Amino acid sequence: MLKCRELNRKAIAISALALGVAMGLYLATANLQLVSTTQAQESPQLSPVTALAERDAYFPGTEDLAPDEMRVIACGTGMPNARPKQAAACFLVELGNGDKFIFDIGTGSMERLTGLAIPFDYLDKVFIGHLHADHFGDLDALWVGGVISNRQRPLRVWGPNSTKPEYGTAYAVDHMQKMLTWDAASRLGNVNTQGLQIEVTEFDYKGVNQVIYEENGVSIRSFPAIHALDGPVSFTLEWNGLKFAFSSDTYPNKWWMEYAKGADIAIHECFLPPSLLVKKQKWPVPDALNVGTQVHTSPSMFGKVMSLTEPRLAVGYHFFNDFDTAPFVERQIRTTYDGPLALAIDYMVFNITKEDIRVRMASINEDVWPLPSVTEKLPADPSQRVGFTDFLIEGREVFQDIINKIYDDTNEEFGTDVEPPN
Ligand SMILES: [Zn+2]
Ligand SMILES: [Zn+2]
């Protein structure tokens, strides 16, 4: 277990390898202790056969969330550049009252959310900080993929407006739906599509600490962020005396300093420093300096932000967190900040109570399947089906005998009586 107060002057740059080694050491130690207590009665060659009481990794679906506890899971910590190791921005907040909230849904993050084995009915609230693809590029995957994965509730989306309607969240979501017109039409009558409804709440990006959500004892507020164009915002979520702050993307600004101040967990962008943008990403120096320090927050700027924010735990994200970049990024942060720090990587898990902040990695079942809906799964309504033109119907080779056998076998297996179409 890594405790927040033990983290001063140490960044948590947990790699899968380090976790594996740590787990190995933990298991070895636990086994030795258990064996030593039973040695008197049993052979020392025999291993204990009971489960370990505590594991230093998070296995989704195996732990209770205490009534006063917040769990935050990094589901995307990377860059606009896609890579297998890190999806783009996404953080899931789970609360001990049963509420769940998604903050940003960047490209690739839907796969991470799926890895958490949560029914998609509960992944129905998304807060988008700004409309860069690396912060909402998987909204379509959550929208359509969530329906295919049994979500039977509307998807609820909150996001900012901008200086023109076409720069706002409502326009973006409306046109995402238009882009997927064929997709949605193709599913009518084939699967139940009530989860395809989207409810968009577009709010004023200039709102300062404005409440944009208040239900079940949870308050979510937005305040302006400064990034690329007018429109971006940052968020705080407050519940049960705990405060989560998420920057999405922003240049250091006065609103974050004031409204994220003293958060229990403060997640702020910490972009690749210009030198790495040049060396690793092959950018021209002027572009690297501009994007790294004027569009985004560079690591030493991130450190200064956190020195002023004074959170219980500072979390930096939005860089490729590798064996060679993490030490460099951390050294730059430490020139301006000496408080508790984690350098986020996908599937990093934060369990937060008033007494403790525990940081671990999740261990994911890559063979995960969708969980059932939490409400009775309704069948498709065949009357909604758009269907084919005669041109395609006349092109079909109908293997009626084989289809009849599939229907017969399936009806027998499940005790149903579905007639095959002719
Ligand atoms: Zn951005
Ligand atoms: Zn970004």
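Residues numbered from 1 in each chain as written. Chains lettered and ligands numbered in written order. Predicted model: local features only at pLDDT ≥ 70, side-chain atom pairs only at ≥ 80, totals over all residues. Heavy atoms only, no water.

> Could you give an account of the side chain of histidine 130, with specific residues and numbers?
You can see histidine 130 is positioned in the loop between β5 (125-127) and α3 (133-136). For histidine 130, a relative accessible area of 4% translates into the label buried. In terms of polar contacts, histidine 130 uses its side chain to reach the side chain of histidine 132, at 3.2 Å. Polar contacts involving the side chain of histidine 130 include one to the side chain of aspartate 249, which spans 3.3 Å. When sequence neighbours within four positions are dropped, the list of residues in contact with histidine 130 reads Asp104, His135, His227, Pro232, Ser248 and Asp249. (Helix = DSSP H or I, 4+ residues; strand = E, 2+ residues; numbered from the N terminus. Buried < 20%, exposed > 50% of the residue type's maximum accessible area, 1.4 Å probe, protein only. Polar contact = N/O pair within 3.5 Å; in protein donor to acceptor, adjacent residues only side chain to side chain. Contact = heavy atoms within 4.5 Å.)

> Describe the side chain of threonine 325, naming the residues involved and giving the relevant values.
As for its placement among the helices and strands, threonine 325 is situated in helix α11 (residues 325-333). Under the relative-accessibility criterion, threonine 325 is labelled buried at 4%. Once residues lying within four places of it in the same chain are set aside, the contact partners of threonine 325 are Leu276, Lys280, Phe319 and Phe320.

> Explain the confidence of the model for the chain residue by residue, including any values.
Here the chain averages 92 in pLDDT, while 90% of its residues score no lower than 70. Of the regions scoring below 50 in pLDDT, residues 1-38 engages in 61 contacts with residues more than four places distant in sequence or in other chains. (pLDDT = per-residue confidence, 0-100.)

> So, the coordination of the zinc ion (ligand 1): which residues are in play, and what are the values?
Expected angles at a metal are 109.5 degrees for tetrahedral coordination by four donors and either 90 or 180 degrees for octahedral coordination by six donors. Ligation of the zinc ion (ligand 1) by protein atoms is provided by His130 (NE2), His132 (ND1), His227 (NE2) and Asp249 (OD), these donors lying 2.1 to 2.4 Å from the ion. Geometry at the zinc ion (ligand 1) is irregular, judged from its four donor atoms and the angles of 92 to 166 degrees they form at the metal. Of note, the donors binding the zinc ion (ligand 1) are all from one chain and are spaced H-x1-H-x94-H-x21-D. Metal-to-metal, the separation of the zinc ion (ligand 1) and the zinc ion (ligand 2) is 3.3 Å; aspartate 249 coordinates the two. Taken together, the residues histidine 130 in the loop between β5 and α3 and aspartate 249 in the loop between β11 (242-246) and α7 (254-259) connect sequence positions 119 residues apart. (Donors = N, O, S within 2.8 Å, 3.2 Å for Na, K, Ca; no water. Tetrahedral: all angles 85-135°; square planar, octahedral: opposite > 155°, others 65-115°.)

> Please provide a residue-by-residue account of the environment of alanine 263, values included.
Locating alanine 263 in the fold gives a position in the loop between α7 and β12 (265-269). The exposure class of alanine 263 is buried, given its relative accessible area of 0%. A sequence separation of 12 residues divides alanine 263 from tyrosine 251, and the C-alpha atoms of the two residues are 19 Å apart. Once you skip the residues sitting within four places of it in the chain, alanine 263 turns out to touch Lys243, Ala245, Pro311 and Arg312.

> So what about the nonpolar core? Which residues, and what values?
Generally speaking, nonpolar side chains in soluble globular proteins are found buried as a group. Ranked by size, the top nonpolar core spans 71 residues in total, and within it Val72, Phe103, Ile220, Leu237, Phe244 and Phe350 carry the most contacts. Leave out the neighbours within four places in its chain, and phenylalanine 350 touches Met70, Arg71, Val72, Ile265, Leu313, Val315, Ala342, Arg358 and Val359. Listed in part, the 27 residues of the second largest apolar core include Ala260, Leu276, Phe302 and Phe319. (Core = buried A, V, L, I, M, F, W, Y, C linked by side-chain atoms within 4.5 Å.)

> Could you give an account of the sheet that holds strand β6 (residues 155-160), naming the residues involved and the relevant values?
If you walk across this open sheet you meet the eight strands as β7-β6-β5-β4-β3-β2-β15-β16, and the pairing is mixed. The open sheet has two free edges, formed respectively by β7 (198-203) and β16 (357-361), since each of these has just one partner strand. Taking the axes of each pair of neighbouring strands and ignoring which way they run, one obtains an average angle of 20 degrees across the sheet. Of the pairings in the sheet, the one linking strand β15 (residues 348-352) to β16 comprises five bridges and is antiparallel in character. Residue pairing across strands places phenylalanine 350 opposite valine 359, the latter belonging to β16. On top of the sheet, helix α4 (residues 139-148) reaches β4 (100-103), β5, β6 and β7; it is set at about 165 degrees to β6, its chief contact. (Pairing = 2+ DSSP bridges. Axes fitted to C-alpha atoms, helices over the stretch in contact; angles between N-to-C directions.)

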